[in-house]
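These are the residues of each chain, in order.
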Amino acid sequence: MSILDDIRTIGLKMKNEQASLKEIILESSRIDVSDEQVDGLDRLIYNHCLNKKTLSDFFGKSRNTFSRILSELHEKKVIGEPIFQNKSHLYTRWDVQKIMEAMVTTQYRDMYLPRVIVTENHKGGTGKSTTTATLATAAALDLNLNARICVIDLDPQGSLGNNLIHSTSDDSVYLTITDVLLSDIEDNDFTQYIKQGYTEEQIIGEMAFSTHLPNMDVITAFPTDDRFTDKYWSLDKEARFKLLTRFRDLVIPVLKEKYDLIFIDTPPQDSPIIWSTNEAADAILVPITPREYDFASTTNYMITISDRLEQLPSKGENIKWINVLAVNVDDRSQHEIRTLNKLVRTVRDRFMTTNIKHSEAFVAAAEKGRTVLDIKKSEELCSSKQYDIAEMSVQSVYQQLINEIKSFSVREDSK
C-alpha cells in the first residue's frame, strides 16, 4: 500500500469516528457547571442580572411606582421572584425582557430596519470571532436598543457558535447555514426535514440555538461546511449564480423577520462562502491588529474585496457601510502606534475612530468560553484595571458601530 493509500484510509477511518454536529453540541451542553453558579443561577445568567434601582431609572419610574408594577407582574406570573442579594433585588435578563414587553418599551424595529453585519478579513488571527461575539453581546445587553440579535458562525474551524449555545431541546434543529445553502444540490439533513413536510422558511426559522441572553440566538458551523467550496466549483455558471444568491434570497429574509441585527463571523479566506455572505450583507466590519504583517495582509484584502464585490450578482451595491476596526491595540507599543497612524492616513474616514484595546481580560474571558462582557470584576479573573480597559474600549466601539448602523437604517415610516 502506498503512502497516498495510507493517507486516504486514515481519512476514511477518522470520518467514521467523527462526531456529528448534534453529538458535539449535546456533549458541550452536558458539561458540569456546578462550580459556575451563584445563588443557584448559572454564572452567565447571574452576571447580567439587574437590580431594581437600575431598572426603575431605565423606565423612568419612581421606586414606589416601579415596585408596584413589579408586584403586579409577579402576581400575574409574568415574572418570577427576584434574587435577594443583601438589600438588592436582582432580576434576570429573562425577567427584564418580560418587564420591557409588559411596559411596551420601544423596540429597535419600531425605528430601524434589520441589518446584516459581517465581520471579515482574509487573514487569520485578526480577532474576527472575538469581535463578532463581543459586539453582538453588547447589542443584546443594550436596553435602549431593545433589539433581537442573531449570531451566525460561518467558520468551519471555529467554535464561536458552540461557545455561545446555552441550551438545547429535544426538538432542536441541528443544521448549519451551509446545509441550507447546499440543499438544492445535495441530499443532506436540511432536505430530510423538507421530506418530512416542513417548509424551508419553517426550518430556517428554527435553526438558531438560544444563548445566555433572552434576545440573542446563535447558528453554529461545523468542519464539514468546508465542502461548500468544492460544491461551488463543480457547478456550471448558472448554478453558481443561484448558489451565491441563496443566502441573500432565502435565508436572510427569514432571519430578518425574526431578528433585528444579524452578526456573521467568517472564515479567514477568499472563497465562495465569503462571496455568498457578502451578497447578503448590509455592512462589513474589517478587524485588524495594528502590526506590519497584518497591515500588509489587510492591504491585499482591501484591494481584493473591491474586485470581488464588483463580480457578485449585486455588484456590491447592497453594501451600505464598510469600516476598518483596530483591535487588540497596545497603546504602549510605539510599533503599533506607527501602524495605527498608517491606518489613519490610508483608510481615513473608513477607519473607526474608536478601537478595542489589548487587555488580559479578553484572555481570561476566552478561557471561560465567554466574551469580556460576560465576566465581572468580582470574579477576579484579571485585575480591575485590565477589566476596565477592556470594557470601556468595547463599549466605545459598540456605541460608534451602532450609531453608524442606525444612520442608514431609519425606517421611512418612523420619521
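Residues numbered from 1 in each chain as written. Predicted model: local features only at pLDDT ≥ 70, side-chain atom pairs only at ≥ 80, totals over all residues. Heavy atoms only, no water.

Describing the nonpolar core
So, step 1. Core analysis: the biggest nonpolar cluster contains 53 residues, and I152, I177, I204 and F247 have the highest contact counts within it.
So, step 2. Judged by nonpolar contacts, the second largest core, of 48 residues, contains L141, L160, M216 and L373. (Core = buried A, V, L, I, M, F, W, Y, C linked by side-chain atoms within 4.5 Å. Buried < 20%, exposed > 50% of the residue type's maximum accessible area, 1.4 Å probe, protein only.)

What about the sheet that holds strand β7 (residues 149-153)?
So, step 1. Strand order in the open sheet formed by seven strands is β8-β9-β7-β10-β6-β11-β12, and the pairing between neighbours is mixed. This sheet does not close on itself; its edge strands, each paired only once, are β8 (209-210) and β12 (321-326).
So, step 2. Across five bridges, the pairing between strand β6 (residues 115-119) and strand β10 (residues 261-265) is parallel. In the strand pairing of β10, V118 is matched with I264.
So, step 3. Here helix α16 (residues 292-311) sits on the sheet in contact with β11 (283-288) and β12, set at roughly 160° to β11. (Pairing = 2+ DSSP bridges. Helix = DSSP H or I, 4+ residues; strand = E, 2+ residues; numbered from the N terminus. Contact = heavy atoms within 4.5 Å. Axes fitted to C-alpha atoms, helices over the stretch in contact; angles between N-to-C directions.)

Some thoughts on the pattern of salt bridges
So, step 1. Within this structure, the stated rule accounts for 24 salt bridges.
So, step 2. Here D225 makes a salt bridge to R227, at a shortest N to O gap of 3.9 Å.
So, step 3. With a relative accessible area of 6%, D225 lands in the buried category.
So, step 4. Among the charged side chains, a network of salt bridges with common partners joins D179, E186, D225, R227 and K231. (Salt bridge = Lys/Arg side-chain N within 4 Å of Asp/Glu carboxyl O.)

Topic: unusual backbone geometry
So, step 1. Phi angles above zero are rare outside glycine, and K77 is one such case at about 60°.
So, step 2. Checked against the element boundaries, K77 lands in the loop between α5 (63-75) and β4 (83-85).
So, step 3. For K77, a relative accessible area of 75% corresponds to the exposed category.
So, step 4. Phi angles above zero are rare outside glycine, and N146 is one such case at about 50°.
So, step 5. By the secondary structure assignment, N146 is in the loop between α8 (128-141) and β7.

A few points about the packing of aromatic side chains
So, step 1. Counted according to the given criterion, the structure contains eight aromatic pairs.
So, step 2. Ring centres 5.8 Å apart and planes at 80° place the aromatic pair Y232 and W275 in the edge-to-face group. Of the two residues, Y232 sits in helix α13 (residues 227-233) while W275 sits in helix α15 (residues 272-280), which places them 43 residues apart along the sequence. Neither Y232 nor W275 differs from the other in exposure class; each is buried.
So, step 3. Ring centres 6.0 Å apart and planes at 90° place the aromatic pair W233 and W275 in the edge-to-face group. Note that W233 is positioned in helix α13 and W275 in helix α15, a separation of 42 residues in sequence.
So, step 4. Assessed through its relative accessible area of 12%, W275 is described here as buried.
So, step 5. Site record: aromatic cluster; members linked through ring pairs are F58, F59 and F66.
So, step 6. The ring of F295 has K342 sitting right over it, with the charged end atom 4.4 Å from the ring centre. (Phe/Tyr/Trp six-rings, centres within 6.5 Å; stacked < 30°, edge-to-face > 60°. Lys NZ or Arg CZ within 6 Å of the ring centre and 35° of its normal.)

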